[in-house]
Amino acid sequence: MNKKIGLYFGTFNPIHIGHLVIANHMVEFSDLDEVWFVVTPQSPFKTKKTLLDNHHRYQLVVEATQDYPKLKPSKIEFDLPQPNYTVTTLAYLQEKYDVDHDFCLIMGEDNLKGLHKWKNYEVILENHTIYVYPRISEGKVDHSFKDHPKIQHVAAPIMEISSTFIRAQHKLGKNVRPLLPESVWKYMDEMNFYR
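Only a predicted model underlies this, so the values are computations on that prediction, with no experimental measurement involved.

*Asks:* Summarise the layout of surface pockets; cite the residues concerned and give the values.
*Replies:* Volume-wise, the largest pocket comes out at about 1,300 Å³. The biggest single contributor to the lining of the largest pocket is strand β4 (residues 101-108), with four residues. Its volume calculated, the second largest pocket comes out at about 180 Å³. Together, Lys49, Thr50, Leu52, Thr164, Arg167, Ala168, Lys171, Tyr194 and Arg195 line the second largest pocket. The residue inventory of the lining of the second largest pocket, partitioned by class, reads three nonpolar, two polar and four charged.

*Asks:* Got a sec to walk through the sheet that holds β4? Specific residues and values, please.
*Replies:* With parallel pairing, the six strands of this open sheet are ordered in space as β3-β2-β1-β4-β5-β6. In this open sheet, the two strands that pair with only one neighbour each are β3 (71-74) and β6 (151-153). Geometrically, the sheet is characterised by an average inter-axis angle of 30 degrees between neighbouring strands, direction not taken into account. As defined by bridge partners, strand β1 (residues 3-10) adjoins strand β2 (residues 34-39) across six bridges and the pair is classed as parallel. Each bridged residue has a counterpart across the sheet, and for leucine 7 the counterpart in β2 is tryptophan 36. Sitting on the sheet, helix α1 (residues 17-28) is in contact with β1, β2, β3, β4 and β5 (130-133), with an inclination near 145 degrees to β2. Seen against the sheet, helix α2 (residues 54-65) touches β2 and β3 and runs at an angle of roughly 170 degrees to β3.

*Asks:* Give me the lowdown on the nonpolar core, citing residues and values where you can.
*Replies:* Counting 35 residues, the largest nonpolar core has Tyr8, Ile15, Met26, Val35, Phe37 and Ile106 as the members making the most contacts within it. If you list the elements that add at least two residues to this core, you get α1, β2, α2, β4, β5 and α7 (182-190). No other element matches α1, which puts five residues into this core. By size, the runner-up hydrophobic cluster in this structure holds 21 residues, among which are Leu93, Met107, Leu115 and Phe145.

Calculation rules
Residues numbered from 1 in each chain as written. Predicted model: local features only at pLDDT ≥ 70, side-chain atom pairs only at ≥ 80, totals over all residues. Heavy atoms only, no water. 1 Å grid on protein atoms, 1.4 Å probe; cavity = no way out; pocket = protein on both sides within 12 Å on 5 of 7 lines; lining within 4 Å. Points joined across faces, edges and corners; volume = space filled by probe spheres on them. Helix = DSSP H or I, 4+ residues; strand = E, 2+ residues; numbered from the N terminus. Nonpolar A, V, L, I, M, F, W, Y, C, P; charged D, E, K, R; others polar. Pairing = 2+ DSSP bridges. Axes fitted to C-alpha atoms, helices over the stretch in contact; angles between N-to-C directions. Contact = heavy atoms within 4.5 Å. Core = buried A, V, L, I, M, F, W, Y, C linked by side-chain atoms within 4.5 Å. Buried < 20%, exposed > 50% of the residue type's maximum accessible area, 1.4 Å probe, protein only.

See below:
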């Protein structure tokens, strides 16, 4: 039996309890064996002042997932050419792990609405299953993705927490600690991030 890995891409700047709830729900209530948090590196073409260095964001994911054996941090994209395209990352992983891993994508419904704009999205859909969790967002899902055999909707909880909100409120001196795993909060606080 191949191992089914769900890839959850993001900047995780910082990773928060919403990310963990969704990833854990996916691994416990679907046929996925593991979920890998794929930390997206900072693009050399875009410098965002609020984006922590790659290794710090990766470390936050390590901290957040240490008590969850089915959730794994991944920095696979750090060594791939920039800009990162999901189709390239998937091809690389499939080659690296050969035939015993099936890689699937995890995305919010808001991302599914824009999937038709992704580079080689047809190739992704041909070779990989996409697990979609609900998000409150504007717009409609492309009709070609409705009832698509490779797109599975998972009734995960709707999480309305964002890293942007956490960073902004933390900077203002608000207590954002309940929105973060305890180990993430400690690391963030010790390193004086997002102040």
